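# Observations on the three-dimensional arrangement
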Amino acid sequence: MTDAASTLSKVDLLNLTRSELEAFVLEDLRQPRFRADQLWHWLWQRGVRDFAAMTNLSKDLKARLAQRAEIFWPGVDVVRTSRDGTIKLLLRLRDGERIETVLIPMGQHYTQCLSTQVGCAMACTFCSTGELGLTRNMTMGEILGQVVVGRAHLAASGLPTVRNLVFMGMGEPLMNLAELLRSLETLGSAEGISIASRRATVSSVGIPQALKILGDSGLAVPAISLHAPTQELREKLMPKAAHVPLDELLGCLDRYPLKSRERVTYEYILLGGVNDSIVHAKQLVKLLGQRRCKVNLIGYNPPPPSVCPDPPYRAPEQADVLAFEEYLRSKRITTFIRRSMGQDIAAACGQLKLLAG
Ligand code: SF4
């Protein structure tokens, strides 16, 4: 077998769930089960990608692993750091496709925004990623590979580590449901990456069939990209997502299995002069007022002029954002304004477009 052929047939250990790794150790390597525990620890807790550095494995096993397996980490092509400390990494996948992940400082730790697809098919009108179209889904190894690379980058820079994850980067996570579920399952495995799935938020435009499966899995509570209080306006802003009528989407979310303190989050991007008036706030209260939910308001981030000299929307006025929040709160809807981070490096919500900016 040539070197190239032997590389192609190697198993990428980062792309195996815990049970798949056990099966590989038992059936392929013909080793006892505790070897899977050791490997899992090296892969996810220690972030080691060189079998030679796995000191509690025998010399023979390390040699066998080097023959049969590999640990692929996405390559870091470019790093950009914002004035506010947000870090954007442009990562290269095995086939040369590129995606972005963002590390957002949150006090004593970081929140990492993960991509789940190369590009996105949903074409939301306010989102730079939507302009790229969809190239392909990412694998679990690629999705969680962003975390091991992100953590290694922070550690090498002497910065605190990642504590929360948001599946909110490039792509629609529920359009890549199988790999999303495998990723969430791996997050929840003991002795693994040590970020509990309750610290992971799955952001979605809302796809009822997939939401039903996610709910049944018990692995995450979604944050729904609502962005409009009426079907008519949603069709204009998010034409593909709005194929699912609002009443059907909200009905499906009303049935989402929630634990006692959990609520569905609705994300609402405020577009200046489009959906940010008190009339819209009243419509939103009518829609969500009786529901078990909270609302995150996000001011629109126009792409940098170097990328788009004539952006489709403008940022909302700060006074309008505050008035919108106050109205929702006055109607007893739990509401937060999400601070936009990393705008100067095009790392904020809706700006990810392969280092444009
Ligand atoms: S907002 Fe999300 S779903 Fe819509 S185009 Fe952008 S990445 Fe895709």
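Here the structure is a predicted model, which means the values were calculated and not measured.

### Brief notes about the domain arrangement of the chain
Assigned domains of the chain: these are domain 1 (3-70) and domain 2 (75-345). For domain 1 versus domain 2, the distance between C-alpha centres works out to 33 Å. With 14 residues of domain 1 at the interface, the matching set in domain 2 holds 18 residues. Taking both partners together, domain 1 and domain 2 bury about 1200 Å²; carbon and sulfur atoms supply 47% of that area. Its largest share of buried area at the contact with domain 2, domain 1 owes to Asn15, Trp44 and Gln45, together 44% of the area lost on that side. Arg94 is paired through a salt bridge with Glu70; the nearest N and O atoms lie 2.8 Å apart. For the pair domain 1 and domain 2, the number of links is seven residue pairs in polar contact (both at pLDDT 80 or more). When contributions to the side of domain 1 that touches domain 2 are tallied by element, the ones reaching two or more residues are helix H2 (18-28) and helix H3 (34-45). In terms of residue count, H3 provides more of the side of domain 1 that touches domain 2 than any other element does, five residues in total.

### What to know about the nonpolar core
Core analysis: the largest hydrophobic core is formed by 84 residues, its most contacted members being Leu13, Leu65 and Leu288. With seven residues, helix H5 (residues 140-156) is the largest single contributor of residues to this core. Mapping this core onto the domain boundaries places at least three of its residues in each of domain 1 (3-70) and domain 2 (75-345). Non-local contacts of Leu288, meaning those with residues more than four positions away in its chain, are made with Leu226, Leu250, Tyr266, Cys293, Val295 and Ile333. Membership of the second largest hydrophobic core comes to 15 residues, among which are Cys127, Leu233, Ile269 and Tyr300.

### What about the site of the ligand?
In the vicinity of the ligand, the contacting residues are Cys120, Met122, Ala123, Cys124, Cys127, Gly130, Gly169, Gly171 and Val205. Of the residues contributing to the shell around the ligand, the split by class is six nonpolar, three polar and no charged.

### Re the packing of aromatic side chains
The final tally for this structure, using the stated rule, is three aromatic pairs. Measuring from centroid to centroid gives 5.1 Å for Tyr268 and Phe324, while their planes differ by 35 degrees, and the two rings are tilted. Placement of the pair is Tyr268 in strand S12 (residues 264-270) and Phe324 in helix H11 (residues 318-330), with a sequence separation of 56 residues. Its relative accessible area of 0% is what places Phe324 among the buried residues. Pairing Tyr300 with Tyr313 gives two aromatic rings, centres 5.8 Å apart and planes at 85 degrees, and the pair type is edge-to-face. With Tyr300 in the loop between strand S13 (293-299) and H11 and Tyr313 in the loop between S13 and H11, this pair connects stretches of sequence that are 13 residues apart. For the pair Tyr300 and Tyr313, one class covers both residues: buried. The positively charged end of Arg94 is found above the aromatic ring belonging to Phe72, 4.6 Å away from the centroid. Between the NZ or CZ atom of Arg329 and the centre of the ring of Phe336, over which it lies, the distance is 6.0 Å.

### Remarks on the side chain of Thr111
In this structure, Thr111 sits in strand S6 (residues 109-113). We classify Thr111 as buried; its relative accessible area is 9%. Contacts of Thr111, omitting those with residues within four sequence positions, involve Val102, Leu103, Ile104, Met106, Asn164 and Val166.

### Notes on helix H10 (residues 278-288)
Taken as a whole, H10 has its buried residues at His280, Ala281, Leu284, Val285, Leu287 and Leu288. Each buried residue of H10 lies within a common arc of 160 degrees when the element is viewed along its axis, so the set occupies one face. Across from the buried face of H10, at angles greater than 90 degrees, the exposed residues are Val279 and Lys286. For H10, the elements touching its buried residues are helix H8 (231-237), helix H9 (246-254), S12, S13 and H11.

About the thresholds
- Residues numbered from 1 in each chain as written.
- Predicted model: local features only at pLDDT ≥ 70, side-chain atom pairs only at ≥ 80, totals over all residues.
- Heavy atoms only, no water.
- Domains from an automatic or database assignment.
- Contact = heavy atoms within 4.5 Å.
- Buried area = accessible area lost by both parts, 1.4 Å probe.
- Salt bridge = Lys/Arg side-chain N within 4 Å of Asp/Glu carboxyl O.
- Polar contact = N/O pair within 3.5 Å; in protein donor to acceptor, adjacent residues only side chain to side chain.
- Helix = DSSP H or I, 4+ residues; strand = E, 2+ residues; numbered from the N terminus.
- Core = buried A, V, L, I, M, F, W, Y, C linked by side-chain atoms within 4.5 Å.
- Buried < 20%, exposed > 50% of the residue type's maximum accessible area, 1.4 Å probe, protein only.
- Near = heavy atom within 4 Å.
- Nonpolar A, V, L, I, M, F, W, Y, C, P; charged D, E, K, R; others polar.
- Phe/Tyr/Trp six-rings, centres within 6.5 Å; stacked < 30°, edge-to-face > 60°.
- Lys NZ or Arg CZ within 6 Å of the ring centre and 35° of its normal.
- Arc of directions from axis to C-beta.

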